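Below are the chains, spelled out letter by letter.
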Amino acid sequence: MTHVACSRHLRLAKIVLMAFTLTMAGAGSVAVAGTKDDAGVLRATLANGLRVVIVRNTLAPVVSTSVNYLVGSDETPKGFPGTAHAQEHMMFRGSPGLTADQLANIGSVMGGDFNANTRESITQYLYTVPSEDLDVALHIEAIRMQGVDDSEKDWDKERGAIEQEVAQDISIPGYKMYEQLRAEMFAGTPYEHDALGTRPSFDKTTAKMLQDFHDTWYAPNNAILVVVGDLDPQKTLAEIKQLFGPIKAKKLPARPVVNFKPVPAKSFTVDTDSPNETQIIALRLPGLQSPDFPALEVLADVLASHRFDLYGLVAEGKALGADFSIEPLPKAGIGYAEVSFSPGGDAKAIEQEMRSILAKVAKSGVSPELVEAAKLQERRDAAQEKDSIAGLASVWSDAVALYGLKSPDEDLARIEKVTVADVNRVARKYLRLDHAISALMLPQGSGRPVASGGGFGGQETISLGEAKSTDLPDWAEAALKRLTVPKSTVHPVVTTLANGLTLIVQPEDVSDTVSVFGRIRNRAETEEPVGKEGVSLLLGPLLTFGTEHLDRMAYQKALDQIGASERAGTDFSIEMLSQNFDRGVELLADNELHPALPAQAMELIKPQIANAVAARNKSPGWLAQRTLTAALFPATDPSLRQATAETVNALTPDDVRAYYNKVFRPDLTTIVVIGNITPEKARASIEKYFGGWTAVGPKPETDLPTAPANHAADLSVPDASRVQDNVVLAYNLALTRSDPDYYALSLGNAVLGGGFYSTRLSIDLRKNAGLVYSVGAGLEAGRTRGVYYVEYACDPDNVTKAAKIVAQELKNMQTAPVTADELTRVKALMLRQIPLGEASISDIASGFLQDRELNLPLDESTIAAQRYVAIDPAEIEAAFQKWMRPDDLVRVTQGPPPQ
């Protein structure tokens, strides 16, 4: 829809709200018949007030469900801002007729793609599953709407997990800045806090309070159910009526009243572990209920344009990035102008330039050309919403449950009516810099990595959770037992051009758009010349300065004229409406094959890049990553090469051009064309514009060397901005992706960490002990070597305890076979992830590119599924005995010293 703020590092989560006026269905109400007033859309309202929207999308045999309860942190009791968030957590602890273990096992069996989120005025429960499992997802949501088991025993355990989530988020400096901004903007209103909650309030929260919250607000007449995917709309509606129809409506309390006070101008600074400084100017704007909101949407798009003066600060070498976005709430919102720049820059001067740019807009208005470009971009965005089943469900949920619209198309229709005069009027009215709040995020760097105490030894007794067999309800049992290899719905057409470029075309007709994704096989660690470290970092931003035929502004204008979104580099892409495909490919090829790489631009941006590299090399995140790499691989390993300010400052235009000529070559390039297009038309345009591309010299080395086994180590990277430790446990592997043992190890890893509550590590660390909010395990295997890792975040005094549990569980995998129940569950999980991986255009394309990167066939997902079905517990145990080395785990913590 709009250019809405959604970056977690700055705003924690996408927060878009809509107050909704509800009319509770009376006792004698009759369900509204399903109506089809949009192509492929069926709407209905049940007798109990539940509103239903069903959208058919045949991209893949997958469906997404979104239950949107119209309640969030705005409705929480005073002094308990996290009540809605806590209840969201407890919805996964079981309901009458569905235990927590059953819920976790069912969720993982269906592919593990289930989640929830709490915002200010809405709480959402989300499932994305194979179409054949839609009835299972609907059963779960109907049971949870009817009731929940909020016991003190379960809340005592979940309290620990949610408090770890709080610690995790308040360890993000951007979140702390965001919370302070909200407190200033919305003082004395429900908007002054977000939905996260606080540790002190959770300590005082009781299970009865949570049960009362569910009993009050979780009702069919306070919910909207959105179902999107490859389904039969009428059959789906009939099942929804059967499952949800008997649930009784409730009388809902009054909503809170919001009265705003004037915003006083203010400035503050927040320390950050980010390597760069970020200056923010925040303004309170009208919310979603305002008739001015559509014009504000267009204004935000204009201010974020790469042809606008704000981004011009990047082109002038004064900044590393610039953006403008809106976070809308029902009655108000926040507009953010953001500029990031390398440390040591003149923050006051940057802020003054930002203010001057915004003041000029308020006084003189914006370019009509940029307004039209913004509206064309909105049209393409609207068309592309159909390119992801889960994404389309999210867009529909926001439109009907937050924006209060009939459909996402209604937002586009409002935007189409916006005039240049409308945009200039809202700019004059609302860009009031005398009521702006300025915030500066200031990097603090880190101390040197140090050896950490604790280790994996000691006499502490650890009680591990039990991954036990759980009887499932009849409506879920059949899904668990279904272990058949799903049929892939993608059938790519592959050709190789005369210059060695590989072209993959996948026709899809769910929208009138086409996307092009490309990748040049490369590795800066092996391709950058000695003494030229950082040349790849300089090349990237230089690719935004136009081509040999069009300068920066002319090139961006050409993209705007077709409403395309383009990115150049070793990973490149362009997305456009189908009618503009040929022109889009022409522009993409011009940037990839004929970049201007202007020397003047290089001299402007080089100081920013050099300063940013120097700051990066001292930042906690970078030091933690580098500390881990140094512990896993020899000192001579290419992955330990590091750019410095000195190497970047020494680079010349000839160095950049030479690196470009070495790396950018057709015989290492794969291009995927996917969307509403034929293979013949796709090949004709790709051949026309990329066919003349030729390689220079021999192919460069793009593989990392094999490495000896690492030894155990405990290392800590200080990070004063965090109250919680981020922990990585890892060791290197000689395993490659082509090794037959990869499949057995993948299944074993899924038993350990492949799906929420039902995995061993999640049961141990979160469900039973409450030590962490989340824990993940990963097996990364490349063309020449691999890494196994486990990652979690926790309080400093729990770091060692959690690490011991992880090490013990790895040893358990080596000494005893996984249970039949565990193996069946993870096989079902892995098999169902195949159709889920084909449920969005971007996922299909990235899957093709990843297979090519690893020298795998494009039907690798089907081959893997066949292997998973055949693997037995003994094969997993043998693979873990052969490859896993728990005693060699390297532990790296980032944050306070672990205890």
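Chains are numbered independently. Their residues run from 1 in the order of the written sequence. With pLDDT at 70 or above as the cut-off, local features in this predicted model cover only qualifying residues; side-chain atom pairs require 80 or more to be listed or tallied, and sums for whole chains, interfaces and linings still use all residues. As a convention, hydrogens and water are excluded, and side-chain values are obtained from all of the structure's heavy atoms.

A description of the overall build of the protein should follow, citing residues and the corresponding values.
The secondary structure listing takes helices from DSSP runs of H or I that are at least 4 residues long and strands from runs of E that are at least 2 residues long, numbered from the N terminus. For the protein, the count of helices and strands is 33 helices and 26 strands. Only C-alpha atoms enter the radius of gyration, while the globule expectation follows 2.2 Å times N to the 0.38, with N the number of residues. For 899 residues, the compact-globule formula gives about 29 Å, and the C-alpha radius of gyration of the protein, at 27 Å, lands near that figure. Seen along its three principal axes, the alpha-carbon backbone of the protein occupies a region of about 75 × 70 × 55 Å. Classification of the 899 residues of the protein by burial places 60% in the buried group. We call two residues in contact whenever any of their non-hydrogen atoms come within 4.5 Å of each other. Within the protein, contacts between residues at least 6 apart in sequence are counted, and of these 83% link residues at least 24 apart. The distance from the centre of the 89 positive side-chain charges to the centre of the 114 negative ones in the protein is 3 Å. Relative accessibility under 20% of the residue-type maximum defines a buried residue, over 50% an exposed one, and the middle range a partly exposed one, all with a 1.4 Å probe and only protein chains included. When charges are counted, Lys and Arg are positive and Asp and Glu negative, with His and the chain ends excluded. All charge positions are set by atom: Lys at NZ, Arg at CZ, Asp at CG, Glu at CD.

Describe the sheet that holds strand β13 (residues 332-341), listing the residues and the values that go with them.
Reading across the sheet, the five strands line up as β10-β14-β11-β13-β12 and stay open at both edges, with mixed pairing between neighbours. Among the strands making up the open sheet, the edge pair consists of β10 (266-272) and β12 (321-328). Adjacent strand axes in the sheet meet at a mean angle of 20° when their direction is disregarded. What makes two strands pair is DSSP finding at least two bridges between them. The sheet contact formed by β10 and strand β14 (residues 437-443) spans seven bridges and is parallel. Paired with Lys 266 across the strands is Ile 437, a residue of β14. In this description, a line fitted to the C-alpha atoms serves as the axis of each element, helices being fitted only across the stretch in contact, and the angle between N-to-C directions of two axes falls anywhere from 0 to 180 degrees.

Can you break down the pattern of salt bridges residue by residue, with the values?
Salt bridges, as used here, are contacts in which a Lys or Arg side-chain nitrogen is within 4 Å of a carboxyl oxygen on Asp or Glu. This model, assessed by the stated rule, comprises 49 salt bridges. In this structure, Glu 822 engages Arg 760 in a salt bridge whose closest nitrogen and oxygen atoms are separated by 2.8 Å. Placement of the pair is Glu 822 in helix α30 (residues 820-836) and Arg 760 in helix α28 (residues 760-768), with a sequence separation of 62 residues. The same class applies to Glu 822 as to Arg 760, namely buried.

Requested: an account of helix α32 (residues 860-870), with residues and values cited.
Those residues of α32 that fall on the buried side of the exposure criterion are Glu 860, Thr 862, Ala 864, Ala 865 and Tyr 868. Those residues of α32 that are buried lie in contact with α27 (741-753), α30 and α31 (841-853).

Account for the sheet that holds strand β17 (residues 502-507), with residues named and values stated.
Pairing is mixed across the open sheet formed by six strands, whose spatial order is β16-β17-β21-β18-β20-β19. The open sheet terminates on both sides in strands that have one partner only, identified here as β16 (493-496) and β19 (565-567). Strand-to-strand, the axes of this sheet are offset by a mean angle of 15°, without reference to chain direction. Of the strand pairs in this sheet, β17 and strand β21 (residues 669-675) are connected by six bridges, and their pairing is parallel.

Give me the lowdown on the packing of aromatic side chains, citing residues and values where you can.
Aromatic rings from Phe, Tyr and Trp, with only the six-membered ring used for Trp, were paired whenever their centres fell within 6.5 Å, and each pair was classed as stacked if the ring planes differed by under 30 degrees, edge-to-face if by over 60, and tilted otherwise. Scanning all chains against the criterion turns up 18 aromatic pairs. Centroid distance Tyr 191 to Phe 260: 5.8 Å. Interplanar angle 45°. Geometry classified as tilted. Taken together, the residues Tyr 191 in the loop between α6 (173-185) and α7 (199-204) and Phe 260 in the loop between α9 (233-244) and β10 connect sequence positions 69 residues apart. By relative accessible area, which is 2% here, Tyr 191 ends up buried. For the ring pair Tyr 743 and Tyr 868, a centre distance of 6.0 Å and an interplane angle of 75° mean the geometry is edge-to-face.

Structural measurements only, silent on function.
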